[in-house]
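# Architecture at a glance
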Amino acid sequence: MTAVQFGVLGPLAVTTDAGEPVVVPGTKVRALLADLLTNRNQVVSADRLIDDLWGDDSPANPAGALQVRVSQLRKALNDAEPGARELVESRPPGYLLRADNVDADRFVELTRSTDADRLTAALALWRGDAYADLADAEFVRAEATRLAEQRLAAHERLAEARVARGEHDLVAADLAELVARHPLREGLRAVQLRALYAAGRQSEALDSYADLRDRLAEELGLDPGPELVALHRRILEQDAELSAPPKAAIIRNSLPAQLDELVGRAEAVTELRGLLPRQRLVTLVGPGGVGKTRLATEAARTRSCPDGVHLVELAPLPAGDPRIAEQVLGVLDVREAAGTTLSATDRLVAALRHRHLLLVLDNCEHVVEPVAALVARLLRDAPEVSVLATSREPLGLTGELLWEVPPLSLPEDGDVDTVRRSAAARLFAARAAAQQRGFRLDERTAPAVAQLCRRLDGLPLALELAATRVRALGVRGVVDRLDDRFRLLSTAQRDVPPRQRTLTAVIAWSWDLLDDPDQTVLARLAVFPDGCTPEAAEQVCRTDLDALARLVDRSLVVLDDSGAAPRYRLLESVAAFCLERLTDTDEVRRRHAAYYTELAERADHGLRGADQQRWLALLDAELANLRSALVHGGGLRLAVALSWYWFLRGRLTEARRALAQPGDPEQEARAAPWRVGFALMQGEAVAPDDVRAAVAAVANSHAAWFAANAVIEHSDLALASEVLPTAVDDPWIEAAVLSSLAHIAHANGDQTTLERTATRSAALFADIGDRWGRLRATEWVGGLADMRGEHERAIALHREGLRWAEELALWPQVCAELSWLAWLAVQTRDYAQARQLAERAYSLAVEQAAPGALVFAEMSLGMAARRDGKLDLAVTHLTRLVDLGRGEDPPALYLPMVLVELGHAVEQGGDPDGALALHVEAFEAAEAMATMRDAIGPLEGMAAAVRSPEVAARLLGAAAAARLATQSPAAPAERDDTDRVTARLRAELGPEHFDALLAEGAQLSPGEARAQL
């Protein structure tokens, strides 16, 4: 690291190691340096730098202008010290200044002491106001304000130290100017009043207090704070302690020095520092290892109290030890007077009655009762004493403000930028780099670091213990061994208390404080892999809410009320610890499986009604518990109960895996149609007799409809019609069967049946309140509008369907709606929109492993590409679909349509004979399927590819007559193809001859027209 030094305590200054000034040219370059300095050792984005430097008046090429200023700054630094240009690093998304030699940092370090010489040295670093030459710049204002505040605090503490040494007159004189400049600052006034009184100038002290009181009332409408009021009273009473020699003073500060950086807690520290002057009792609560002690000491470090800030460590005391007052007296160095008969508590209260200080009581949980008793007494009888406590449970006192210390923020995924923004990852990376110099948080390590942070719940102590293993195992090796975390996560650091040297010891510290019944409840809660509702906890753990509340109070159970219903959760490490101590594992897991099986069966019914959204959300929240129950006793009964949920969520593979479990004969019969349906939906062939047998076992049931409906996706319309339930007395099953009949009618081009069944299905589902059912029925209402050329209506219906599907997170239906909209965009010539929608549908279908949705999406991709002139891309998509459709048995329903589209692409690519063969194949496939509506496109395709213009004209005439007969008008995109062929034939044959041939063709059936070839 180069030795360039930066000064901000005054006008911005840069000097070499030899003290030579470095000229930083230009206002913008100096502003750039200041901006980087206020954010030193952190990346500042280019966009923010541009905004800070130019605001609304940015140059034409702001990025280029910024780069020029960066180059000028690097050159200035390098001219002064070779190699110093490297201090300014280019790091996405901006720049970073590595600055270790900054006078502000030295100032802050020196002011952490209460030693007068160090405070004097700190204040000597100042050369004027911070960033004095850039004071108007918004980007330095916060830093300058913070430093100015710290400067005043340092003046106060120096004055206090000098008063304690007896320099009363000198301090009073030195403070006169400072008080005049900051007349409303109560801390300065307090020190001045003490100095004046101790110097025998009581009347001046009283005048100064009166001046402050009047100014506060006049300018702010406030009275002096309680500390000053108490000091004023003591002056009036001529309290001898105010002028006592310095040796009588309590030691000023007993906080330990900061040994390493506190990572990820900047906002927490700021919030606590704002609370401490206003709240007399703040208790930091949270689980072991979450960092309560570090946060408390850091928040207290800058607290300005005339009698200091004092840390009292209670962890060494045995559980329940009443000797809390003795511990505090020892830290404060208050000696017992000879012959006294007062108790330790009375002596402490007497010593602190007129003291203004902050006590940090650390690790109170194992002595919470005696601590609470002492704190209550201090709050009552020592009005200037404040307490900041850390504990795994509250003290339970009036006026106590509980501040729950959360784990560090976790990375949402393994993307390196996302991981770097996570406080948990930053802490782990910092500690790992301290153990292994070569460790970097980069693209290679980020995914493993993200996984580790999540597995360790963002607990700082666990992350720090894990970091000690990186040198030997690498970060991936640490992650791979987390299942054995209690052996893995330990440290040999000799300055760490024994209770924090292993993860086991951290958790055992809290476990050992529980009585036996609460230990039993906590161990049983560990069978819930992702938390549970209060009802589930009561039933599975055989407990009540009082016991659960006690565990929450002791920071062993987390109450999460961020969702629709409150949930109790254990951190993963706590759960692993407790599972090892669960003595009735089999019985608890049996109750767990029974509870969630019964819940799933209730949900299975609820998912087909008006409460569908609530039940979906409930099962989503309980998914980890449901999966655990499947493994530990729920079996095939639970798998069947969850099958409809899995279908709605698109989890087909998971459903098939669960349904593969063996069961008793009744369960096997109930599972059979679900197995068949999911297999068909994933593109597997199932013999017709197997379908019939599966449906017959549970005829006219929800599951029977599910299997029959899946047969439609496999293109066997006759089999689907055969096995669909008929004797239906359930409105939901009736509505579902009607939606399937609508699907079949759409495939057959039977608009009359399609309109009747789709409309009736939608009405029934609306009455039931099933939004999925309404979606399903409305899909075919939209399909009917598409067949009739009512494209705007169809688009409106499917847009509404997409909105419903997204609201319910029904991803398979989202795929379907996106694909429908892509198809309609193709038909209406909006090819760019079609590609965008189809790509979204395709990606989602891949994610959902849904073959049917993939086909629909890729069909639109191929059609949009062909009609937009991208023939190679179109041929790639369409050829893949043709091969897939030919390979099905029976051939896929979509095959004729895709063959036609591929035929047009081949013809436009210059191979009319190859195109004609594809169109003929499409016609024959449509004939075999008896879906003559699908024969119209092949006739139009043959007209485009056949070499005889007379035959082509007759084919067009036959196709037009078929469209009229089936009420299937051509979409705008389809008209483009026929218009292209029509224009060519009119030119070749002449208008009159063409029209005559067209009329001849209109008299032909599709089969007769095909015979023209």
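Since the structure is predicted, the reported quantities are computational estimates derived from the model, not experimental observations.

## Looking at the overall build of the protein
- Within the protein, the secondary structure is distributed over 49 helices and 12 strands.
- Its C-alpha atoms put the protein at 125 × 75 × 60 Å along the principal axes.
- The buried share among the 1013 residues of the protein stands at 53%.
- Counted over contacts in the protein with a minimum sequence separation of 6, partners at least 24 positions apart contribute 68%.
- Each charge class in the protein can be summarised by its mean position, and for the 113 positive and 150 negative side chains these summaries are 5 Å apart.

## A closer look at the sheet that holds strand 8 (residues 357-362)
- Within the open sheet, the 5 strands sit side by side as 7-8-9-6-10. Their pairing is parallel. Of all the strands in the sheet, the pair left with one neighbour each is strand 7 (309-313) and strand 10 (401-404). When the angles between neighbouring strand axes are averaged without regard to direction, this sheet yields 20 degrees.
- Examined bridge by bridge, strand 6 (residues 281-285) and strand 10 share 4 bridges and lie parallel to one another. Its bridge partner being in strand 10, Val-285 is matched across the sheet by Glu-404.
- Here helix 12 (residues 292-301) sits on the sheet and contacts strand 6, strand 7, strand 8, strand 9 (385-391) and strand 10; the angle it forms with strand 9, its principal contact strand, is near 160 degrees.
- Along the sheet, helix 15 (residues 368-381) makes contact with strand 6, strand 8 and strand 9, crossing strand 8 at roughly 170 degrees.

## What to know about unusual backbone geometry
- One non-glycine residue with positive phi stands out, namely Asp-457, at about 60 degrees.
- Mapped onto the elements of the fold, Asp-457 is located in the loop between helix 18 (446-455) and helix 19 (460-467).
- Within the chain, Gln-967 stands out as a residue other than glycine whose phi angle is a positive 55 degrees.
- Mapped onto the elements, Gln-967 comes out in the loop between helix 46 (949-966) and helix 47 (972-989).
- Given a relative accessible area of 52%, Gln-967 falls into the exposed group.

## Side note on the packing of aromatic side chains
- One pass over the full model with this rule turns up 22 aromatic pairs.
- Summarising the aromatic geometry, the rings of Trp-705 and Trp-732 are spaced 5.6 Å apart at their centres and angled 90 degrees between planes, so their arrangement reads as edge-to-face. Placement of Trp-705 in helix 33 (residues 702-713) and of Trp-732 in helix 35 (residues 731-748) is noted, with a sequence separation of 27 residues between them.
- Pairwise contacts between aromatic rings join Trp-644, Phe-647, Trp-674, Phe-678, Trp-705, Phe-706, Trp-732, Phe-765 and Trp-772 into one cluster.
- In this structure, Arg-608 packs its charged tip against the face of Trp-732, placed 5.6 Å from the ring centre.
- The residue whose ring lies beneath Arg-614 is Trp-615, and the NZ or CZ to ring-centre distance is 4.8 Å.

## Brief notes about the sheet that holds strand 5 (residues 94-97)
- Taken in spatial order, the 3 strands line up as 3-5-4 in an open sheet, and their pairing is antiparallel. Two strands bound the open sheet, and with one partner strand each, they are strand 3 (43-45) and strand 4 (88-91). With strand direction ignored, the average angle separating the axes of adjacent strands in the sheet is 30 degrees.
- Bridging between strand 4 and strand 5 involves 4 bridges; their strand directions are antiparallel. By the bridge assignment for strand 5, Ser-90 is matched with Tyr-95.
- Against the sheet, helix 2 (residues 46-54) touches strand 3 and strand 5, its axis set at about 70 degrees to strand 3.

## A short note on helix 20 (residues 470-480)
- The set of residues buried in helix 20 consists of Val-470, Val-475, Gly-477, Val-478 and Val-479.
- The elements touched by buried residues of helix 20 are helix 17 (423-435), helix 18, helix 19 and helix 21 (485-488).

## Some remarks on the pattern of salt bridges
- Counted under the stated rule, the structure contains 74 salt bridges.
- Of the charged contacts in the structure, one is a salt bridge between Arg-675 and Glu-668, with a shortest N-O distance of 2.7 Å.
- With a closest N to O distance of 2.9 Å, Lys-870 and Asp-868 form a salt bridge.
- Among the ionic contacts, a cluster of salt bridges with common partners joins Arg-866, Arg-867, Glu-901, Glu-907, Asp-977 and Arg-980.

## Re the nonpolar core
- If you look at the biggest cluster of nonpolar residues, it comprises 215 residues, and the most contacted ones within it are Phe-428, Leu-525 and Trp-644.
- Considering each element in turn, this core owes the most residues, 15 residues, to helix 29 (residues 623-649).
- Setting aside residues no more than four positions away along its own chain, Leu-525 makes contact with Cys-532, Ala-537, Cys-541, Leu-548, Leu-551, Val-557 and Leu-570.
- Core analysis: the second largest hydrophobic core is formed by 52 residues, Val-24, Val-108, Tyr-131 and Ala-137 among them.

## What to know about the side chain of Thr-418
- With respect to the helices and strands, the residue Thr-418 is situated in helix 16 (residues 416-420).
- Within the structure, the side chain of Thr-418 is placed 3.5 Å from the side chain of Asp-413, a separation counted as a polar contact.
- Contacts of Thr-418, omitting those with residues within four sequence positions, involve Pro-411, Glu-412 and Asp-413.

## Here's the deal with the pairing of strand 7
- Counting buried positions along strand 7 yields 4 of 5 residues, so the element is predominantly enclosed.
- Here 5 bridges tie strand 7 to strand 8, and the two strands are oriented parallel to one another. When the sheet's bridge partners are listed, His-310 is paired in strand 8 with Leu-359.

## Brief notes about the environment of Val-574
- Position of Val-574 among the secondary structure elements: in helix 26 (residues 572-579).
- Separated by 66 residues in sequence, Val-574 and Val-640 have C-alpha atoms that sit 33 Å apart.
- Excluding anything up to four places from it in sequence, Val-574 contacts Ile-507 and Leu-556.

## Notes on helix 42 (residues 871-887)
- Along its 17 residues, helix 42 runs 24 Å from first to last C-alpha, staying within 8% of the 24 Å computed at 1.5 Å per residue.
- As for helix 42, its buried residues are in contact with helix 41 (851-867) and helix 43 (895-908).

## With respect to the packing of helix 14 (residues 344-352) against helix 15
- Relative orientation of the contacting elements helix 14 and helix 15 amounts to 35 degrees, with a least axis distance of 10 Å. Viewed along their axes, helix 14 and helix 15 form a crossing whose handedness is right-handed. Only Leu-374, Arg-377, Leu-378 and Asp-381 of helix 15 make contact with helix 14, whose side of the interface consists of Thr-345, Asp-346, Leu-348, Val-349 and Leu-352.
- For the contact of helix 14 with helix 15, the residue count by class is 5 nonpolar, 1 polar and 3 charged.

## A word on the state of the cysteines
- All chains considered together, the criterion is met by 0 disulfides.
- The cysteine Cys-541 is free of any disulfide, with Cys-532 supplying the nearest cysteine sulfur at 6.2 Å.
- Owing to a relative accessible area of 0%, Cys-541 belongs among the buried residues under this scheme.

## With respect to the pairing of strand 8
- In terms of burial, strand 8 is a largely internal element, 6 of the 6 residues being buried.
- The side-chain alternation of strand 8 yields two buried faces, one formed by Leu-357, Leu-359 and Leu-361 and the other by Leu-358, Val-360 and Asp-362.
- Sheet analysis places strand 8 next to strand 9, joined by 5 bridges and oriented parallel. When the bridges of strand 9 are listed, Val-360 appears paired with Leu-388.
- Read from strand 8 through helix 15 to strand 9, the crossover connection turns out right-handed.

## A closer look at the confidence of the model for the protein
- Residues with a pLDDT of 70 or more make up 96% of the protein, whose mean pLDDT is 87.
- Within the model, the stretch residues 245-249 combines pLDDT values under 50 with 5 contacts to residues more than four positions away or in other chains.

## Digging into the packing of helix 7 (residues 168-181) against helix 8 (residues 186-198)
- Helix 8 packs onto helix 7 with a crossing angle of 145 degrees between their chain directions and a minimal axis gap of 8 Å. As for the relative orientation of helix 7 and helix 8, their crossing is left-handed in sense. Between helix 7 and helix 8, the contacting residues are His-168, Val-171, Ala-172, Leu-175, Ala-176, Leu-178 and Val-179 on the first element and Leu-188, Arg-189, Val-191, Gln-192, Ala-195, Leu-196 and Ala-198 on the second.

## Quick look at a negative patch on the surface
- A cluster of like negative charges, contributed by Glu-412, Asp-413, Asp-415, Asp-417 and Glu-443, occupies part of the molecular surface.
- A relative accessible area of 40% places Asp-417 in the partly exposed class.

Each value, and the rule that gives it
- Residues numbered from 1 in each chain as written.
- Predicted model: local features only at pLDDT ≥ 70, side-chain atom pairs only at ≥ 80, totals over all residues.
- Heavy atoms only, no water.
- Helix = DSSP H or I, 4+ residues; strand = E, 2+ residues; numbered from the N terminus.
- Buried < 20%, exposed > 50% of the residue type's maximum accessible area, 1.4 Å probe, protein only.
- Contact = heavy atoms within 4.5 Å.
- Lys, Arg positive; Asp, Glu negative; His and termini not counted.
- Charge placed at Lys NZ, Arg CZ, Asp CG, Glu CD.
- Pairing = 2+ DSSP bridges.
- Axes fitted to C-alpha atoms, helices over the stretch in contact; angles between N-to-C directions.
- Phe/Tyr/Trp six-rings, centres within 6.5 Å; stacked < 30°, edge-to-face > 60°.
- Lys NZ or Arg CZ within 6 Å of the ring centre and 35° of its normal.
- Salt bridge = Lys/Arg side-chain N within 4 Å of Asp/Glu carboxyl O.
- Core = buried A, V, L, I, M, F, W, Y, C linked by side-chain atoms within 4.5 Å.
- Polar contact = N/O pair within 3.5 Å; in protein donor to acceptor, adjacent residues only side chain to side chain.
- Expected span 1.5 Å × (residues − 1).
- Left-handed = near helix turned anticlockwise from the far one by under 90°.
- Nonpolar A, V, L, I, M, F, W, Y, C, P; charged D, E, K, R; others polar.
- Disulfide = S-S within 2.5 Å.
- Right-handed = clockwise from strand over helix to strand, strands pointing away.
- pLDDT = per-residue confidence, 0-100.
- Patch = residues over 30% accessible without salt bridge, like charges linked within 9 Å, V, L, I, M, F, W, Y side chains within 5 Å.
- Areas by Shrake-Rupley, 256 points an atom, 1.4 Å probe, with all protein chains shown as cover.

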